[in-house]
Structure formats: structure tokens, C-alpha cells
Amino acid sequence: MREYFSTSDELEGKSTEFPFISYKEILSATNFFADSNLLGRGDFGKVYKGTMEGGYEVAVKRLSQGSGQGIVEFKNEVVLIAKLQHKNLVRLHGCCIQEDEKLLIYEYLPNKSLDAFLFGTF
Ligand SMILES: Nc1ncnc2c1ncn2[C@@H]1O[C@H](COP(=O)(O)OP(=O)(O)OP(=O)(O)O)[C@@H](O)[C@H]1O
């Protein structure tokens, strides 16, 4: 059975739930964080492309282990992202915490730059 990470917004009285996705599912989706699946790197750490069971594609953000960010900070970040969910923003599918590993699982966006959308070069 799936567990959910629940957040609530006291101002708007809304609550949002994100599934905890198992580490095993992430390993299988990203082919054990294969270099060939690396999409890029941001402040948070490396981002990998993954294919979940059922075939949907995701972008997995893997928090750098040396970042010093702890579990409390990570959870706060998930709560903040939950509050920012909007139809025009990339969707967060869930998160995963396994010992030192902290992962955020987003919907995969095909690799087109914002310029391409803004200036119609796609
Ligand atoms: N949802 C996604 N779908 C496809 N590729 C993604 C997705 N999210 C991130 N990426 C890829 O991973 C790279 C790093 O993303 P990330 O959001 O971590 O850093 P960033 O865009 O540089 O911003 P920052 O680190 O300042 O938050 C991006 O440049 C992009 O190539």
C-alpha cells in the first residue's frame, strides 16, 4: 500500500498529498541512476530521466549528499512545492526518502528550452 506525504495549507484550508515513491521503483525507473539517463544538474543536485512502470516518464531530482540539507529542510521544500502546484508549473509526482537519499519525482518535460517556446523556434 502506498504511503502519502500530506501537507496542509492553513490559510486556504486545502491539503495536498504526495505519494512516497519507493527507492526500488526509482532505481528501476532510472536504471540505477545510469549516466545515460542524466538530464542535467541544478543547485539541488543531478536530475535523471526515468520511466515508471506503466510507461510514464519522470524527471528524478537527486539531492546531492554533500549538500548538508537534512530531512527537515527536505520536507519543508516538499511542502513549499506542494503550495506552488499550479496547472502551468511542472507537476511534482512524489518524493522518496531512503537513508541518505532524498529524491523529488517530477513529470518529465521534453527537452525544449523556454526560448524555443517564447520565440517559436520549435
Ligand atoms: N521536469 C523536468 N523534465 C526534464 N528535464 C528536467 C526537468 N527538471 C529538470 N530538468 C533538467 O535538469 C536540469 C537541472 O534542473 P534543476 O531544476 O535542478 O536546475 P535549474 O533548472 O538549473 O534550476 P535551479 O538549480 O536554480 O533550481 C535542467 O536544466 C533540465 O535540463
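Look up: the structure comes first, before these words.
Now for a look at the structure at hand. Worth saying up front: this structure is predicted, and the values here are computed from it rather than measured. Throughout this description, residue numbers start from 1 for each chain and increase along the sequence as written. Only residues with pLDDT of 70 or above have their local features reported here, since the model is predicted, and side-chain atom pairs are shown and tallied only from 80 upward, although totals for entire chains, interfaces and linings are computed over all residues. Remark: hydrogens and water are excluded; side-chain values derive from all non-hydrogen atoms of the structure.

### Re the sheet that holds strand S3 (residues 38-41)
Here is the rule: Here, strands pair whenever DSSP counts at least two bridges between them. Going along the chain from the N terminus, every DSSP run of H or I of four or more residues is numbered as a helix, and every run of E of two or more is numbered as a strand. Fitted lines through C-alpha atoms serve as axes, helices being fitted only where they are in contact, and the angles separating the N-to-C directions of these axes extend from 0 to 180 degrees. Working rule for contacts: check all heavy atoms of both residues, and any pair within 4.5 Å makes them a contact.
Strands sit in the order S3-S4-S5-S7-S6 across an open sheet of five strands; the sheet is antiparallel. Two strands close off the open sheet at either side, each with one partner strand: S3 and strand S6 (92-98). Each strand of the sheet is rotated relative to its neighbour by a mean of 25 degrees, with strand direction disregarded. Relative to strand S5 (residues 57-63), strand S4 (residues 45-51) is paired through seven bridges, and the arrangement is antiparallel. The residue bridging Lys-46 from the neighbouring strand is Arg-62, located in S5. Those strands touched by helix H2 (residues 71-83) are S6 and strand S7 (101-107), and its axis lies near 170 degrees from that of S6.

### Description of the site of the ligand
Condition: Proximity criterion: a residue is near a molecule or strand once any of its heavy atoms comes within 4 Å of it. Whenever a nitrogen or oxygen atom comes within 3.5 Å of another N or O atom, the pair is scored as a polar contact, on the condition that within protein one atom can donate a hydrogen and the other can accept it, and that pairs from neighbouring residues in sequence are kept only if both atoms are in side chains. Nonpolar residues are Ala, Val, Leu, Ile, Met, Phe, Trp, Tyr, Cys and Pro. Charged residues are Asp, Glu, Lys and Arg, and all others, Gly as well, are polar.
Looking at the ligand, the residues that line it are Leu-39, Gly-40, Arg-41, Gly-42, Asp-43, Val-47, Ala-59, Lys-61, Val-90, Glu-107, Tyr-108 and Leu-109. Separating a nitrogen atom of the ligand from a backbone N or O atom of Glu-107 is a distance of 2.9 Å. Note that a nitrogen atom of the ligand is positioned 2.9 Å from one of the backbone N or O atoms of Leu-109. The leading source of residues in the shell around the ligand is S3, at three residues. Per-class residue counts for the shell around the ligand are six nonpolar, two polar and four charged.

### A look at the packing of aromatic side chains
We count it as follows: Paired rings are identified among Phe, Tyr and Trp, the last through its six-membered ring, by centres lying within 6.5 Å, and are further divided according to the angle between planes into stacked (under 30 degrees), edge-to-face (over 60) and tilted (the rest). Exposed residues in this analysis have more than 50% of their type's maximum accessible area, buried residues have under 20%, and partly exposed residues fall in between, with area computed by a 1.4 Å probe over protein chains only. A positively charged side chain is recorded as over a ring if its NZ (Lys) or CZ (Arg) lies within 6 Å of the ring centre. The angle to the ring normal must also be within 35 degrees.
Summed over the entire model, instances satisfying the criterion amount to two aromatic pairs. On the basis of an interplanar angle of 40 degrees and a centroid distance of 6.5 Å, the ring pair of Tyr-23 and Phe-33 is categorised as tilted. On the criterion of sequence distance, the pair formed by Tyr-23 in helix H1 (residues 23-29) and Phe-33 in the loop between H1 and S3 is long-range, its members being 10 residues apart. The burial state of Tyr-23 is the same as that of Phe-33; both residues are buried. Cation over ring: Lys-49 sits above Tyr-108, and NZ or CZ is 4.4 Å from the ring centre.

### What about a nonpolar patch on the surface?
This is how it is decided: Patches draw on residues past 30% relative accessible area with no salt bridge. Two like charges within 9 Å are joined, as are two nonpolar side chains (Val, Leu, Ile, Met, Phe, Trp, Tyr) within 5 Å. All accessible areas in this document rest on Shrake-Rupley with a 1.4 Å probe, and a residue is counted as covered only by the protein chains that are shown. A pairing counts as a salt bridge when a side-chain nitrogen of Lys or Arg comes within 4 Å of a carboxyl oxygen of Asp or Glu.
A surface patch of nonpolar side chains, amounting to about 300 Å² of accessible area, comprises Leu-80, Leu-84 and Leu-89. Along the chain, Leu-89 turns up in the loop between H2 and S6.

### Overview of the pattern of salt bridges
All chains considered together, the criterion is met by two salt bridges. One salt bridge connects Lys-49 with Glu-57, and the closest N-O pair in it is separated by 3.1 Å. Using a relative accessible area of 24% as the deciding quantity, one classes Lys-49 as partly exposed. Given the relative accessible area of 36%, Glu-57 is considered partly exposed. With its nearest N and O atoms 2.6 Å apart, the salt bridge here joins Arg-62 to Glu-101. Placement of the pair is Arg-62 in strand S5 and Glu-101 in strand S7, with a sequence separation of 39 residues. Accessibility expressed as a relative area gives 25% for Arg-62, which makes it partly exposed. The exposure class of Glu-101 is buried, given its relative accessible area of 6%.

These results come straight from atomic positions and should not be treated as a statement about function.
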